[in-house]
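Chain residues, written in single-letter form:
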Amino acid sequence: MESVLITGCSSGIGRVSATFLAQQGYRVFATVRDPAVATTLADWAKQNKLALQPIQMDVTQTGSIDRAVDEVMAAAGQVDVLINNAGIAIPGAFEDIPWDALQQVMSANFYGPLRVTRAVLPHMRQRGKGKIIMVSSLSALVGLPGMSVYSASKAALELASESLRLEVDRFGISVSVIEPGAFNTAMPGKILQDLAAPSTSPYRDLLRHLHAQSEAGASRGDDPLRVAELLLEIVRTPRPAFRYPAGAQAEQVINA
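The present account deals with the structure reproduced in this document.

Conventions we followed
- Residues numbered from 1 in each chain as written.
- Predicted model: local features only at pLDDT ≥ 70, side-chain atom pairs only at ≥ 80, totals over all residues.
- Heavy atoms only, no water.
- 1 Å grid on protein atoms, 1.4 Å probe; cavity = no way out; pocket = protein on both sides within 12 Å on 5 of 7 lines; lining within 4 Å.
- Points joined across faces, edges and corners; volume = space filled by probe spheres on them.
- Helix = DSSP H or I, 4+ residues; strand = E, 2+ residues; numbered from the N terminus.
- Nonpolar A, V, L, I, M, F, W, Y, C, P; charged D, E, K, R; others polar.
- Pairing = 2+ DSSP bridges.
- Axes fitted to C-alpha atoms, helices over the stretch in contact; angles between N-to-C directions.
- Salt bridge = Lys/Arg side-chain N within 4 Å of Asp/Glu carboxyl O.
- Buried < 20%, exposed > 50% of the residue type's maximum accessible area, 1.4 Å probe, protein only.
- Contact = heavy atoms within 4.5 Å.
- Parallel < 35°, antiparallel > 145°, perpendicular 65-115°, else oblique.
- Left-handed = near helix turned anticlockwise from the far one by under 90°.

### Considerations on the layout of surface pockets
Then, number 1: Of the pockets and cavities examined, the second largest pocket occupies roughly 330 Å³.
Then, number 2: As for the second largest pocket, its lining consists of 16 residues, and the residues nearest its centre are Gly130, Lys131, Gly172, Ser174 and Pro238.
Then, number 3: Elements supplying a minimum of two residues to the lining of the second largest pocket: strand E5 (130-135), helix H5 (148-168) and strand E6 (173-180).
Then, number 4: Split into classes, the residues belonging to the lining of the second largest pocket amount to 6 nonpolar, 3 polar and 7 charged.

### Digging into the sheet that holds strand E3 (residues 52-56)
Then, number 1: Strand order in the open sheet formed by 7 strands is E3-E2-E1-E4-E5-E6-E7, and the pairing between neighbours is parallel. With one partner strand each, in any of the chains shown, E3 and strand E7 (243-246) form the two edges of the open sheet. Pairs of neighbouring strands in the sheet enclose a mean axial angle of 20 degrees, with direction left out of account.
Then, number 2: Relative to strand E4 (residues 81-84), strand E1 (residues 3-6) is paired through 3 bridges, and the arrangement is parallel. Bridge pairing links Ile6 to Ile83 in E4.

### Focus: the pattern of salt bridges
Then, number 1: In the structure shown here, the tally under the stated rule is 4 salt bridges.
Then, number 2: The residue Glu158 makes a salt bridge to Arg243 at a minimum N-O spacing of 2.9 Å. Here the residue Glu158 occupies a position in helix H5, and Arg243 occupies one in strand E7, the gap between them amounting to 85 residues.
Then, number 3: Relative accessible area serves as the criterion here: at 35%, Arg243 is assigned to the partly exposed category.
Then, number 4: Within this structure, Glu158, Glu179 and Arg243 form a network of salt bridges that share partners.

### Thoughts on the side chain of Thr31
Then, number 1: Secondary-structure assignment places Thr31 in strand E2 (residues 27-32).
Then, number 2: Exposure remark for Thr31: the relative accessible area of 2% places this residue in the buried category.
Then, number 3: Once residues lying within four places of it in the same chain are set aside, the contact partners of Thr31 are Leu5, Ile6, Thr7, Gly8, Cys9, Ser10, Ile55 and Met57.

### Let's talk about the packing of helix H4 (residues 99-127) against H5
Then, number 1: As a packed pair, H4 and H5 sit with axes 8 Å apart at the nearest point and diverge in direction by 20 degrees. With respect to H5, the element H4 is oriented roughly parallel. Handedness of the crossing formed by H4 with H5: right-handed. Of H5, the residues touching H4 (which contributes Leu102, Val105, Met106, Asn109, Phe110, Pro113, Leu114, Thr117 and Leu121) are Val149, Tyr150, Ala152, Ser153, Lys154, Ala156, Leu157, Ala160, Leu164 and Val168.
Then, number 2: In terms of residue class, the contact of H4 with H5 is made up of 15 nonpolar, 3 polar and 1 charged.

Here you go:
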């Protein structure tokens, strides 16, 4: 049974994808930050007789990552597929975003996947095979107002992944990125909440406009299952491509 390690499975795309891949017969190690969520997810998997094992991991902490990867290796002996899905969004006008918040986004969305990948790569190299999939975003290709830091983190991840792909192909390891557009997950609601403009912001009129637009389109996203199905397609493809649009919005923009 092939083993899949996927990060950021507390909710949304990560949770749906972890569940779906387990239902397709993969042994899934699903990382979450909250121990209580891990317990709930483990109980649910047991009740549904799925080979899905939650593991506590914080992708911003090297020690947490190393412990989690060690746990996977002890249980399965290998990582066939790594899916770097964990990420956060802190929207707002670039000038308004506190510096520590900017660093937090980069730590979770850029450095986090690199940390996890570095922990897994030696095991894949030793076996001479493996797949690494980065969950990026349409925002990596299209910069929008209010999303500068998020877009930068995803664009950086994609370029690093493109270089990594060329480095590790000789070891039988593939690297792919998927670029989701709008999906019905908790993230759009979080973005909508955080787009409220500070009363002193010189960008408050713009942010109010963006807030209204986001509110109007909050329920128009795709089902996260579409991402899970795309991940399954990549996992099953012997030599996957590098870049995959995910969802109707991304396909429309990228293929235009």
